[in-house]
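# A structural walkthrough
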Amino acid sequence: MQIFLILLLECFQTMSASGIALLLPAIRSDLGFSFTQSGSLGAANIFSYALMQIPAGYLADRYGLKQTYVIGGFGATVLLLTFGLVPNYGLAFLNQTLAGVFHAFLFQSGLALLASRFGAERRATAMGLSLVGIFSGQLLINGTAPWLAEHFNWRFPFMAFGLAGILSSCAYLWYGRGPAGVEAARQVGVLDALRFFRDPFMLVCGLIQFIRLGTIQGIAFWLPSLLIDEKGLALGTTGFILALRTLLIAPSNMLGGYLSDKLRQPTAIMALSLVILAITTAALIPVGAGALLIALIMLNAMFVQFYFGPIFALPVERYGARLMGTLSGFANFLANLGSFSFTYLLGALKDQTGHFSSGFYTITAASVVGLALTFWLEKMRSRPQGNPGQ
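An account of the accompanying structure is given in this report. Keep in mind that what you see is a predicted model, and the values were worked out from it rather than measured. (Residues numbered from 1 in each chain as written. Predicted model: local features only at pLDDT ≥ 70, side-chain atom pairs only at ≥ 80, totals over all residues. Heavy atoms only, no water.)

Under the definition given, this model contains 12 aromatic pairs. Judged by centre distance (5.9 Å) and plane angle (45 degrees), the ring pair of Tyr-89 and Phe-93 falls under tilted. Linking Tyr-89 with Phe-93, this pair stays in helix H7 (residues 89-115), spanning 4 residues, or about one helical turn. By relative accessible area, which is 32% here, Phe-93 ends up partly exposed. Ring centres 5.6 Å apart and planes at 45 degrees place the aromatic pair Trp-222 and Phe-356 in the tilted group. You can see Trp-222 sitting in helix H11 (residues 200-230) and its partner Phe-356 sitting in the loop between helix H16 (324-353) and helix H17 (357-381), a full 134 residues away along the chain. Assigned by exposure class, Trp-222 and Phe-356 land together as buried. Linked through ring pairs, Phe-221, Trp-222, Phe-356 and Phe-360 together constitute an aromatic cluster. (Phe/Tyr/Trp six-rings, centres within 6.5 Å; stacked < 30°, edge-to-face > 60°. Helix = DSSP H or I, 4+ residues; strand = E, 2+ residues; numbered from the N terminus. Buried < 20%, exposed > 50% of the residue type's maximum accessible area, 1.4 Å probe, protein only.)

What follows covers the environment of Arg-28. Counting through the fold element by element, Arg-28 comes out in helix H3 (residues 24-31). Of the residues examined, Arg-28 reaches a relative accessible area of 23% and is grouped as partly exposed. On a C-alpha basis, the gap between Arg-28 and Tyr-89 in space is 9.7 Å, while along the polypeptide they are 61 residues apart.

Let's shift gears to the side chain of Gln-209. Along the chain, the position of Gln-209 falls in helix H11. Contact partners of Gln-209, with chain neighbours within four places excluded, come to Ile-311, Phe-312, Ala-331 and Ala-335. (Contact = heavy atoms within 4.5 Å.)

Bringing the nonpolar core into the picture now. Counting 96 residues, the largest nonpolar core has Ile-27, Phe-83 and Leu-377 as its most contacted members. Residue contributions to this core peak at 14 residues, all from H11. Not counting chain neighbours up to four residues away, the residues in contact with Leu-377 comprise Phe-201, Val-204, Cys-205, Ile-208, Thr-267, Met-270, Ile-311 and Leu-314. If you look at the next biggest cluster of nonpolar residues, it comprises 15 residues, including Leu-9, Ala-60, Leu-65 and Tyr-69. (Core = buried A, V, L, I, M, F, W, Y, C linked by side-chain atoms within 4.5 Å.)

According to the stated counting rule, one finds 1 cavity of 30 Å³ or more in the structure shown. One number sums up the size of the largest cavity: a volume of about 520 Å³. In terms of lining, the largest cavity is formed by 33 residues, of which the most central are Thr-14, Gln-138, Leu-213, Ile-216 and Gln-217. Every element with two or more residues in the lining of the largest cavity is listed here: helix H2 (15-22), helix H4 (35-51), H7, helix H8 (123-151), H11, helix H12 (235-263) and H16. Top contributing element to the lining of the largest cavity by residue count: H11, with 7 residues. Taken together, the residues of the lining of the largest cavity sort by class into 17 nonpolar, 14 polar and 2 charged. (1 Å grid on protein atoms, 1.4 Å probe; cavity = no way out; pocket = protein on both sides within 12 Å on 5 of 7 lines; lining within 4 Å. Points joined across faces, edges and corners; volume = space filled by probe spheres on them. Nonpolar A, V, L, I, M, F, W, Y, C, P; charged D, E, K, R; others polar.)

What follows is the structure, given as C-alpha coordinates:
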(Lines give C-alpha, C1' and ligand atoms only; values in the text may rest on other atoms or scores of the structure.)
Protein backbone atom coordinates (compact mmCIF):
# COMPACT_ATOMS: atom_id res chain seq x y z
CA MET A 1 0.00 0.00 0.00
CA GLN A 2 2.78 2.46 0.92
CA ILE A 3 4.76 1.71 -2.25
CA PHE A 4 1.61 2.20 -4.32
CA LEU A 5 0.92 5.61 -2.72
CA ILE A 6 4.49 6.74 -3.38
CA LEU A 7 4.40 5.59 -7.01
CA LEU A 8 0.95 7.12 -7.55
CA LEU A 9 2.19 10.59 -6.62
CA GLU A 10 5.42 10.13 -8.58
CA CYS A 11 3.27 9.73 -11.72
CA PHE A 12 2.96 13.53 -11.76
CA GLN A 13 6.71 14.22 -11.44
CA THR A 14 7.36 14.97 -15.11
CA MET A 15 3.85 15.22 -16.56
CA SER A 16 4.15 18.93 -17.31
CA ALA A 17 7.45 18.51 -19.18
CA SER A 18 6.13 15.49 -21.12
CA GLY A 19 2.89 17.27 -21.97
CA ILE A 20 4.70 20.41 -23.13
CA ALA A 21 7.06 18.38 -25.32
CA LEU A 22 4.24 16.40 -26.92
CA LEU A 23 1.87 19.34 -27.45
CA LEU A 24 4.60 21.87 -28.26
CA PRO A 25 3.53 22.45 -31.89
CA ALA A 26 0.01 23.38 -30.70
CA ILE A 27 1.34 25.48 -27.81
CA ARG A 28 3.76 27.30 -30.11
CA SER A 29 0.98 28.02 -32.59
CA ASP A 30 -1.42 29.32 -29.91
CA LEU A 31 1.04 31.40 -27.87
CA GLY A 32 3.51 32.33 -30.63
CA PHE A 33 6.70 30.84 -29.14
CA SER A 34 9.98 30.52 -31.07
CA PHE A 35 11.99 27.30 -30.79
CA THR A 36 14.41 29.05 -28.43
CA GLN A 37 11.54 30.21 -26.20
CA SER A 38 10.05 26.71 -26.32
CA GLY A 39 13.36 25.22 -25.26
CA SER A 40 13.66 27.77 -22.46
CA LEU A 41 10.42 26.46 -20.90
CA GLY A 42 12.02 23.06 -20.42
CA ALA A 43 15.31 24.67 -19.44
CA ALA A 44 13.66 26.89 -16.79
CA ASN A 45 12.02 23.88 -15.16
CA ILE A 46 15.25 21.93 -15.23
CA PHE A 47 17.43 24.80 -13.99
CA SER A 48 15.33 25.49 -10.88
CA TYR A 49 15.04 21.72 -10.35
CA ALA A 50 18.84 21.47 -10.51
CA LEU A 51 19.40 24.35 -8.11
CA MET A 52 17.04 22.77 -5.57
CA GLN A 53 18.57 19.28 -5.64
CA ILE A 54 21.07 19.76 -2.82
CA PRO A 55 18.69 21.89 -0.65
CA ALA A 56 15.87 19.36 -1.19
CA GLY A 57 18.09 16.42 -0.23
CA TYR A 58 19.40 18.32 2.79
CA LEU A 59 15.89 19.27 3.97
CA ALA A 60 14.64 15.70 3.45
CA ASP A 61 17.49 14.31 5.57
CA ARG A 62 16.98 16.95 8.25
CA TYR A 63 13.21 17.39 8.55
CA GLY A 64 11.68 14.18 7.25
CA LEU A 65 10.87 12.52 3.95
CA LYS A 66 7.09 12.47 4.26
CA GLN A 67 6.89 16.21 4.91
CA THR A 68 9.04 17.15 1.93
CA TYR A 69 7.30 14.60 -0.30
CA VAL A 70 3.88 16.09 0.45
CA ILE A 71 5.17 19.63 -0.16
CA GLY A 72 6.62 18.54 -3.50
CA GLY A 73 3.43 16.73 -4.49
CA PHE A 74 1.07 19.61 -3.82
CA GLY A 75 3.33 22.22 -5.43
CA ALA A 76 4.02 20.18 -8.57
CA THR A 77 0.39 19.26 -9.22
CA VAL A 78 -1.04 22.74 -8.59
CA LEU A 79 1.45 24.12 -11.12
CA LEU A 80 0.58 21.32 -13.57
CA LEU A 81 -3.04 22.44 -13.41
CA THR A 82 -2.25 26.15 -13.74
CA PHE A 83 -0.01 25.64 -16.79
CA GLY A 84 -3.26 24.95 -18.63
CA LEU A 85 -4.33 28.52 -17.82
CA VAL A 86 -1.23 30.49 -18.90
CA PRO A 87 -1.93 33.23 -21.51
CA ASN A 88 1.62 34.14 -22.56
CA TYR A 89 5.31 33.23 -22.53
CA GLY A 90 6.14 35.16 -19.35
CA LEU A 91 3.66 33.31 -17.16
CA ALA A 92 4.47 29.99 -18.82
CA PHE A 93 8.16 30.56 -18.02
CA LEU A 94 7.35 31.49 -14.40
CA ASN A 95 5.11 28.44 -14.02
CA GLN A 96 7.81 26.05 -15.19
CA THR A 97 10.49 27.74 -13.09
CA LEU A 98 8.41 27.24 -9.94
CA ALA A 99 7.46 23.70 -11.00
CA GLY A 100 11.12 22.70 -11.01
CA VAL A 101 11.45 23.68 -7.34
CA PHE A 102 8.65 21.34 -6.25
CA HIS A 103 9.75 18.56 -8.60
CA ALA A 104 13.04 18.47 -6.68
CA PHE A 105 11.26 17.80 -3.38
CA LEU A 106 9.06 15.18 -5.02
CA PHE A 107 11.93 13.28 -6.64
CA GLN A 108 14.42 13.37 -3.76
CA SER A 109 11.97 12.29 -1.09
CA GLY A 110 10.26 9.68 -3.28
CA LEU A 111 13.60 8.07 -4.16
CA ALA A 112 14.62 7.82 -0.51
CA LEU A 113 11.16 6.62 0.63
CA LEU A 114 11.27 3.73 -1.85
CA ALA A 115 14.89 2.83 -1.06
CA SER A 116 14.02 2.66 2.67
CA ARG A 117 11.67 -0.24 1.96
CA PHE A 118 14.36 -2.47 0.40
CA GLY A 119 17.55 -3.97 1.80
CA ALA A 120 21.00 -2.67 0.92
CA GLU A 121 21.54 -5.58 -1.49
CA ARG A 122 18.53 -4.43 -3.55
CA ARG A 123 19.22 -0.70 -3.51
CA ALA A 124 19.73 -0.27 -7.26
CA THR A 125 16.46 -2.14 -7.87
CA ALA A 126 14.64 0.12 -5.40
CA MET A 127 16.00 3.27 -6.98
CA GLY A 128 15.01 1.97 -10.38
CA LEU A 129 11.49 1.38 -9.10
CA SER A 130 11.08 5.13 -8.55
CA LEU A 131 11.07 5.60 -12.31
CA VAL A 132 8.13 3.20 -12.71
CA GLY A 133 5.87 5.85 -11.24
CA ILE A 134 7.44 8.65 -13.24
CA PHE A 135 7.21 6.80 -16.54
CA SER A 136 3.69 5.60 -15.80
CA GLY A 137 2.72 9.27 -15.70
CA GLN A 138 4.49 9.90 -18.99
CA LEU A 139 2.74 6.90 -20.52
CA LEU A 140 -0.62 8.27 -19.39
CA ILE A 141 -0.13 11.74 -20.81
CA ASN A 142 1.50 10.55 -24.04
CA GLY A 143 -1.33 8.09 -24.60
CA THR A 144 -4.26 10.38 -23.79
CA ALA A 145 -3.14 13.98 -24.39
CA PRO A 146 -3.42 13.86 -28.23
CA TRP A 147 -7.04 12.66 -27.96
CA LEU A 148 -7.87 15.21 -25.25
CA ALA A 149 -6.23 18.04 -27.19
CA GLU A 150 -8.10 17.07 -30.36
CA HIS A 151 -11.50 16.94 -28.64
CA PHE A 152 -10.97 19.95 -26.35
CA ASN A 153 -7.69 21.92 -26.68
CA TRP A 154 -4.05 21.67 -25.60
CA ARG A 155 -4.88 23.19 -22.18
CA PHE A 156 -7.34 20.50 -21.07
CA PRO A 157 -4.82 17.67 -20.39
CA PHE A 158 -2.80 19.88 -18.04
CA MET A 159 -5.86 20.92 -16.03
CA ALA A 160 -7.33 17.40 -15.87
CA PHE A 161 -4.11 15.68 -14.78
CA GLY A 162 -3.30 18.53 -12.41
CA LEU A 163 -6.59 18.00 -10.58
CA ALA A 164 -5.93 14.25 -10.38
CA GLY A 165 -2.47 14.99 -8.97
CA ILE A 166 -3.87 17.24 -6.24
CA LEU A 167 -6.19 14.41 -5.16
CA SER A 168 -3.22 11.99 -5.14
CA SER A 169 -1.29 14.41 -2.91
CA CYS A 170 -4.22 14.44 -0.48
CA ALA A 171 -4.25 10.63 -0.47
CA TYR A 172 -0.57 10.47 0.49
CA LEU A 173 -1.01 13.18 3.14
CA TRP A 174 -3.80 11.15 4.79
CA TYR A 175 -2.55 7.59 4.38
CA GLY A 176 1.19 7.77 3.62
CA ARG A 177 3.89 6.96 6.17
CA GLY A 178 7.51 7.98 6.54
CA PRO A 179 10.57 5.81 5.80
CA ALA A 180 10.95 2.30 7.21
CA GLY A 181 14.03 0.29 8.06
CA VAL A 182 16.68 2.97 7.43
CA GLU A 183 19.78 3.90 9.37
CA ALA A 184 19.36 6.26 12.27
CA ALA A 185 18.75 9.83 11.14
CA ARG A 186 21.76 12.07 11.03
CA GLN A 187 21.67 15.83 11.46
CA VAL A 188 23.39 16.87 8.28
CA GLY A 189 24.74 20.26 7.41
CA VAL A 190 24.98 22.06 4.12
CA LEU A 191 28.76 21.53 4.19
CA ASP A 192 28.16 17.76 3.92
CA ALA A 193 26.82 18.37 0.42
CA LEU A 194 29.33 21.03 -0.59
CA ARG A 195 32.26 18.76 0.31
CA PHE A 196 31.23 16.42 -2.50
CA PHE A 197 32.46 19.03 -4.99
CA ARG A 198 35.99 18.24 -3.80
CA ASP A 199 35.57 14.48 -3.93
CA PRO A 200 36.91 12.95 -7.20
CA PHE A 201 34.64 9.89 -7.03
CA MET A 202 31.53 12.02 -6.62
CA LEU A 203 32.62 14.44 -9.33
CA VAL A 204 33.02 11.63 -11.88
CA CYS A 205 29.63 10.22 -10.86
CA GLY A 206 28.22 13.73 -11.23
CA LEU A 207 29.65 14.20 -14.72
CA ILE A 208 28.11 10.91 -15.83
CA GLN A 209 24.82 12.07 -14.32
CA PHE A 210 25.20 15.34 -16.29
CA ILE A 211 25.40 13.30 -19.50
CA ARG A 212 22.72 10.79 -18.45
CA LEU A 213 19.94 13.28 -17.83
CA GLY A 214 21.10 15.63 -20.58
CA THR A 215 20.67 12.76 -23.03
CA ILE A 216 17.30 11.73 -21.61
CA GLN A 217 15.78 15.18 -21.49
CA GLY A 218 17.29 16.39 -24.75
CA ILE A 219 15.75 13.44 -26.59
CA ALA A 220 12.47 13.44 -24.65
CA PHE A 221 11.82 17.17 -25.12
CA TRP A 222 12.77 17.48 -28.80
CA LEU A 223 11.91 14.02 -30.20
CA PRO A 224 8.21 14.93 -30.72
CA SER A 225 9.20 18.04 -32.70
CA LEU A 226 11.73 16.02 -34.71
CA LEU A 227 9.05 13.47 -35.61
CA ILE A 228 6.37 16.05 -36.46
CA ASP A 229 8.42 18.84 -38.06
CA GLU A 230 11.19 16.89 -39.82
CA LYS A 231 9.85 13.34 -40.26
CA GLY A 232 6.30 14.46 -41.13
CA LEU A 233 4.42 12.28 -38.63
CA ALA A 234 0.95 13.22 -37.33
CA LEU A 235 0.39 14.20 -33.69
CA GLY A 236 -1.59 11.04 -32.96
CA THR A 237 1.11 8.80 -34.44
CA THR A 238 3.80 10.69 -32.53
CA GLY A 239 1.84 10.31 -29.28
CA PHE A 240 1.52 6.55 -29.89
CA ILE A 241 5.27 6.21 -30.53
CA LEU A 242 6.10 8.20 -27.40
CA ALA A 243 3.68 6.14 -25.30
CA LEU A 244 5.28 2.92 -26.59
CA ARG A 245 8.71 4.42 -25.90
CA THR A 246 7.71 5.21 -22.33
CA LEU A 247 6.25 1.73 -21.90
CA LEU A 248 9.69 0.26 -22.67
CA ILE A 249 11.68 2.65 -20.46
CA ALA A 250 10.15 1.66 -17.10
CA PRO A 251 10.77 -2.13 -17.25
CA SER A 252 14.21 -1.68 -18.82
CA ASN A 253 15.12 0.63 -15.96
CA MET A 254 14.03 -2.04 -13.47
CA LEU A 255 15.96 -4.70 -15.37
CA GLY A 256 19.10 -2.58 -15.34
CA GLY A 257 18.87 -2.14 -11.57
CA TYR A 258 18.21 -5.86 -11.06
CA LEU A 259 21.16 -6.93 -13.22
CA SER A 260 23.43 -4.44 -11.47
CA ASP A 261 22.49 -5.90 -8.07
CA LYS A 262 22.65 -9.50 -9.31
CA LEU A 263 25.94 -9.30 -11.21
CA ARG A 264 27.52 -6.66 -8.96
CA GLN A 265 28.85 -4.99 -12.10
CA PRO A 266 27.18 -1.54 -12.18
CA THR A 267 29.80 0.03 -14.43
CA ALA A 268 29.36 -2.73 -17.04
CA ILE A 269 25.63 -1.90 -17.19
CA MET A 270 26.52 1.78 -17.58
CA ALA A 271 29.06 1.16 -20.35
CA LEU A 272 26.68 -1.05 -22.37
CA SER A 273 23.95 1.58 -22.13
CA LEU A 274 26.19 4.44 -23.28
CA VAL A 275 27.48 2.50 -26.32
CA ILE A 276 23.96 1.72 -27.54
CA LEU A 277 22.75 5.28 -26.86
CA ALA A 278 25.60 6.78 -28.87
CA ILE A 279 24.81 4.58 -31.89
CA THR A 280 21.02 4.87 -31.85
CA THR A 281 20.90 8.64 -31.21
CA ALA A 282 23.19 9.33 -34.16
CA ALA A 283 21.11 7.03 -36.38
CA LEU A 284 17.84 8.90 -35.69
CA ILE A 285 18.84 11.77 -37.98
CA PRO A 286 19.54 10.10 -41.37
CA VAL A 287 16.78 7.47 -41.12
CA GLY A 288 13.45 8.44 -42.69
CA ALA A 289 9.97 7.83 -41.28
CA GLY A 290 9.16 4.13 -41.19
CA ALA A 291 9.73 0.89 -39.32
CA LEU A 292 13.48 1.39 -38.96
CA LEU A 293 13.01 4.79 -37.31
CA ILE A 294 10.52 3.32 -34.83
CA ALA A 295 12.87 0.41 -34.10
CA LEU A 296 15.73 2.84 -33.38
CA ILE A 297 13.54 4.90 -31.05
CA MET A 298 12.49 1.77 -29.16
CA LEU A 299 16.06 0.45 -28.85
CA ASN A 300 17.20 3.86 -27.63
CA ALA A 301 14.36 3.86 -25.09
CA MET A 302 15.40 0.48 -23.72
CA PHE A 303 18.81 1.83 -22.66
CA VAL A 304 18.21 5.53 -21.96
CA GLN A 305 17.42 4.76 -18.27
CA PHE A 306 18.93 1.27 -18.10
CA TYR A 307 21.73 2.56 -15.87
CA PHE A 308 19.68 4.84 -13.60
CA GLY A 309 19.82 2.45 -10.63
CA PRO A 310 23.56 1.69 -10.88
CA ILE A 311 24.73 5.31 -11.12
CA PHE A 312 22.57 6.35 -8.15
CA ALA A 313 23.52 3.30 -6.06
CA LEU A 314 27.31 3.68 -6.44
CA PRO A 315 27.67 6.75 -4.16
CA VAL A 316 25.39 5.15 -1.52
CA GLU A 317 27.50 1.97 -1.72
CA ARG A 318 30.59 4.05 -1.02
CA TYR A 319 29.35 6.51 1.62
CA GLY A 320 26.32 4.84 3.24
CA ALA A 321 22.55 5.27 3.32
CA ARG A 322 22.63 7.86 6.13
CA LEU A 323 23.47 10.49 3.48
CA MET A 324 21.07 9.16 0.85
CA GLY A 325 19.11 12.38 0.43
CA THR A 326 22.24 14.52 0.21
CA LEU A 327 24.01 12.08 -2.13
CA SER A 328 21.08 11.92 -4.53
CA GLY A 329 20.71 15.70 -4.26
CA PHE A 330 24.31 16.24 -5.35
CA ALA A 331 23.94 13.75 -8.21
CA ASN A 332 20.70 15.31 -9.39
CA PHE A 333 22.12 18.82 -9.20
CA LEU A 334 24.74 17.97 -11.83
CA ALA A 335 22.33 15.73 -13.75
CA ASN A 336 19.88 18.57 -14.14
CA LEU A 337 22.55 21.03 -15.18
CA GLY A 338 23.07 18.60 -18.05
CA SER A 339 19.36 18.40 -18.69
CA PHE A 340 19.07 22.21 -18.70
CA SER A 341 22.07 22.58 -21.02
CA PHE A 342 20.99 19.98 -23.56
CA THR A 343 17.35 21.09 -23.68
CA TYR A 344 18.22 24.72 -24.30
CA LEU A 345 21.12 23.91 -26.65
CA LEU A 346 19.04 21.71 -28.98
CA GLY A 347 16.40 24.45 -29.33
CA ALA A 348 19.02 27.13 -29.98
CA LEU A 349 20.80 24.93 -32.55
CA LYS A 350 17.49 24.26 -34.29
CA ASP A 351 16.86 28.03 -34.57
CA GLN A 352 20.40 28.64 -35.86
CA THR A 353 20.68 25.75 -38.33
CA GLY A 354 17.05 24.99 -39.19
CA HIS A 355 17.36 21.29 -38.33
CA PHE A 356 17.94 18.98 -35.36
CA SER A 357 20.97 17.06 -36.66
CA SER A 358 23.67 19.08 -34.86
CA GLY A 359 21.83 18.77 -31.55
CA PHE A 360 21.35 15.00 -31.74
CA TYR A 361 24.96 14.49 -32.84
CA THR A 362 26.00 16.50 -29.77
CA ILE A 363 24.14 13.97 -27.62
CA THR A 364 26.05 11.18 -29.39
CA ALA A 365 29.39 12.82 -28.61
CA ALA A 366 28.38 13.26 -24.96
CA SER A 367 27.57 9.55 -24.71
CA VAL A 368 31.10 8.71 -25.90
CA VAL A 369 32.54 11.01 -23.23
CA GLY A 370 30.30 9.29 -20.65
CA LEU A 371 31.69 5.91 -21.72
CA ALA A 372 35.26 7.10 -21.07
CA LEU A 373 34.23 8.45 -17.65
CA THR A 374 32.62 5.10 -16.81
CA PHE A 375 35.92 3.27 -17.35
CA TRP A 376 37.60 5.86 -15.12
CA LEU A 377 34.93 5.39 -12.46
CA GLU A 378 35.51 1.63 -12.40
CA LYS A 379 39.20 2.22 -11.67
CA MET A 380 38.32 4.65 -8.87
CA ARG A 381 35.76 2.23 -7.43
CA SER A 382 38.47 -0.37 -6.82
CA ARG A 383 40.54 2.08 -4.73
CA PRO A 384 40.21 2.33 -0.94
CA GLN A 385 37.24 4.35 0.27
CA GLY A 386 37.73 7.80 1.76
CA ASN A 387 35.53 10.42 3.29
CA PRO A 388 33.90 12.90 0.92
CA GLY A 389 35.86 16.03 0.43
CA GLN A 390 39.12 14.57 1.83
